[in-house]
Amino acid sequence: MGLLLLVLNMNKLFALLLSFFPIVAFASVGSETLDLTGHWAGYLALTLFVIAYIFVMVEEFTHFRKSKPVILVAGAIWAVIAWVYVDQGLPDAAGVALRHNILEYAELFLFLLVAMTYIEAMRERLVFERLKVWLINKGFSFRQLFWLTGFLAFFISPIADNLTTALIMGAVVMAVGSGNNRFISIAFVNIVVAANAGGAFSPFGDITTLMVWQKGIVGFEQFFSLFVPSLVNFIVPASIMHFFIKNETPEAIEQSVTIKDGGVVITFMFLLTIATAVSFHSFLHLPPAMGMMTGLGYLMVVSYFVKRRQTDEPTSERFDVFRKIANAEWDTLLFFFGVIISVGGLGFMGYLALASEAMYIQLGATYANILVGILSAIVDNIPVMFAVLTMQPDMSLGQWLLVTLTAGVGGSLLSIGSAAGVALMGQSKGHYTFVSHLKWIWAIALGYGDGYPQHAPSGTPVFIHGRQIPIVGRVSMDLVTVDLTELPNTKIGTEVEVFGQNLSINEVASWCGTIPHTLMTGLTSRVPRHYV
């Protein structure tokens with residue numbers, strides 16, 4: 001009874017928390033839907049899901065695979081929903097909604113399965129190992145390796161995904177930095193930030209960007225407008241951490257690795273598969289997953305010829321595409337199923353409306369999207385983005401790009417906030433930990449703030465003391481800097497006119513590459529209004 005009362009009293013809090021987890025769109029069944037947000041079934045479902053997600057968050061310590069609790073709870077939630085609907089004389093409504101949720105998951109599953117299969121095939125053919133050895137044998141200094149691994153992580157993650165990229169670059173750092181714990185720790189932070197930032201401007205770089213693209217909200221080419229903000233998110237923290245690395249050269253390590261037969265062809269097939277998926281979606285208006293499955297056909301054909309050429313190897317050791325499929329991250333794929341289906345049930349119960357009210361109506365789009373980024377560091381960006389996509393708030397393209405950016409890079413604030421960070425904690429053998437990442441959050445947060453869409457370029461004027469004074473640099477979070485060299489008497493409290501009687505809004509709009517209407521309607525509610 002005590003637990004039930006606690007759930008009842010915290011109903012609104014749970015609704016807000018729910019907005020940080022995936023709520024998949026459910027099929028419309030007209031008037032045959034029940035509001036269960038105040039029903040015992042709703043409270044029970046919420047409680048079960050929160051308990052399951054706690055198990056997910058402590059997987060690192062319990063070694064209880066994350067897919068197990070969420071799949072179990074998914075079945076329990078829909079069983080509860082079906083029980084209530086059957087009792088109310090609506091036996092078919094729950095089934096219709098569940099089938100829609102399964103369809104949503106199926107597209108994501110097929111897309112990811114093909115991508116994971118290609119990555120596994122390239123790994124087995126030593127494509128990534130060859131890159132690692134090349135970097136090790138070049139004899140770069142620690143500072144050069146810091147920047148090289150960072151930039152490679154930034155530019156590889158848009159294609160290979162941030163998790164795989166982080167593991168590859170992490171292996172390089174571990175190999176050349178052996179004995180230099182400080183370098184390993186800082187370089188791993190840099191790799192996590194770079195991989196997450198690089199994945200934010202490509203549909204293939206992160207699950208969150210993939211979901212936004214598959215929904216058709218942001219076009220493939222439109223993601224690349226996030227390139228500069230993403231680059232800033234990587235460059236600014238890296239520039240600060242650079243000075244904490246001693247400019248020394250590690251001992252040379254002589255290694256030799258040759259890409260196995262078919263590795264280069266498979267790499268080109270992966271790029272062709274990406275192009276096929278984009279073409280299917282953009283020109284044929286077919287689901288990207290169909291393009292990826294076509295690409296799996298490419299790999300199957302290539303694998304046949306690669307296998308036939310391996311006549312000098314035992315049959316069990318020859319290249320087998322089905323073995324690569326078996327080696328995909330099945331725990332992750334099944335985890336997505338459990339989360340999507342279980343929270344799809346919570347959305348069907350009516351919590352979607354409560355979550356949308358708490359996030360996007362009361363806070364407003366900009367603050368809600370910034371909050372999404374911060375929460376991505378605590379929970380996980382995949383559940384957060386599912387929630388936003390399902391709410392479908394009425395936002396401009398700029399706001400959708402903002403939430404895509406914040407969800408992608410927000411996980412860099414904490415080591416547990418992204419798959420890349422969690423994976424590197426395991427790979428580092430104690431050199432990179434939650435605490436070692438946490439002490440750099442001030443640097444990461446600086447880049448995070450700078451990385452928001454920067455509308456006003458350097459030189460945009462403001463009006464101070466009867467003169468137009470230029471902005472220096474870009475808008476950073478809620479702050480701008482101006483050149484006061486010729487106004488030495490300016491002090492705190494001096495009035496600054498952004499646009500108005502002395503500075504035309506048309507001139508400011510021209511500097512920002514927009515129209516006056518956009519500037520006026522962009523003023524948020526916290527700007528005081530004085531009516532005359």
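Residues numbered from 1 in each chain as written. Predicted model: local features only at pLDDT ≥ 70, side-chain atom pairs only at ≥ 80, totals over all residues. Heavy atoms only, no water.

1. What about the overall build of the protein chain?
(1) Moving on: When helices and strands are counted, the protein chain shows 24 helices and three strands.
(2) Moving on: Counting over 532 residues, the protein chain shows a buried share of 51%.
(3) Moving on: Taking contacts inside the protein chain between residues at least 6 apart in sequence as the whole, the part at least 24 apart equals 75%.
(4) Moving on: As displayed, the protein chain has an accessible area near 24,800 Å², and 64% of this comes from carbon and sulfur atoms. (Helix = DSSP H or I, 4+ residues; strand = E, 2+ residues; numbered from the N terminus. Buried < 20%, exposed > 50% of the residue type's maximum accessible area, 1.4 Å probe, protein only. Contact = heavy atoms within 4.5 Å. Areas by Shrake-Rupley, 256 points an atom, 1.4 Å probe, with all protein chains shown as cover.)

2. Concerning helix H17 (residues 365–378)
Counting along an α-helix, one turn takes 3.6 residues, and residues three or four places apart therefore face a common direction.
(1) Moving on: Taking 1.5 Å of rise per residue, 14 residues should cover 20 Å, and H17 covers 20 Å from first to last C-alpha, within 8% of that figure.
(2) Moving on: Inspection of H17 places Ala368, Asn369, Ile370, Val372, Gly373, Leu375, Ser376 and Ala377 among the buried residues, and these make up the whole buried set. (Expected span 1.5 Å × (residues − 1).)

3. Points about the pattern of salt bridges
(1) Moving on: Scanning the model with the defined rule gives seven salt bridges in all.
(2) Moving on: Close ionic contact of glutamate 124 with lysine 260 constitutes a salt bridge, the shortest N to O distance being 3.6 Å. Remark: lysine 260 occurs in the loop between helix H12 (227–242) and helix H13 (263–282) and glutamate 124 occurs in helix H6 (residues 93–124); sequence separation between them is 136 residues.
(3) Moving on: In this structure lysine 260 comes out as partly exposed when scored by relative accessible area, which is 35%.
(4) Moving on: With a shortest N-O distance of 2.9 Å, aspartate 261 and arginine 309 are connected by a salt bridge. (Salt bridge = Lys/Arg side-chain N within 4 Å of Asp/Glu carboxyl O.)

4. Details of the side chain of asparagine 369
(1) Moving on: Its place among the elements puts asparagine 369 in helix H17.
(2) Moving on: If we skip the residues at most four places from it in the chain, asparagine 369 touches Tyr360, Met395, Gln399, Leu402, Val403 and Thr406.

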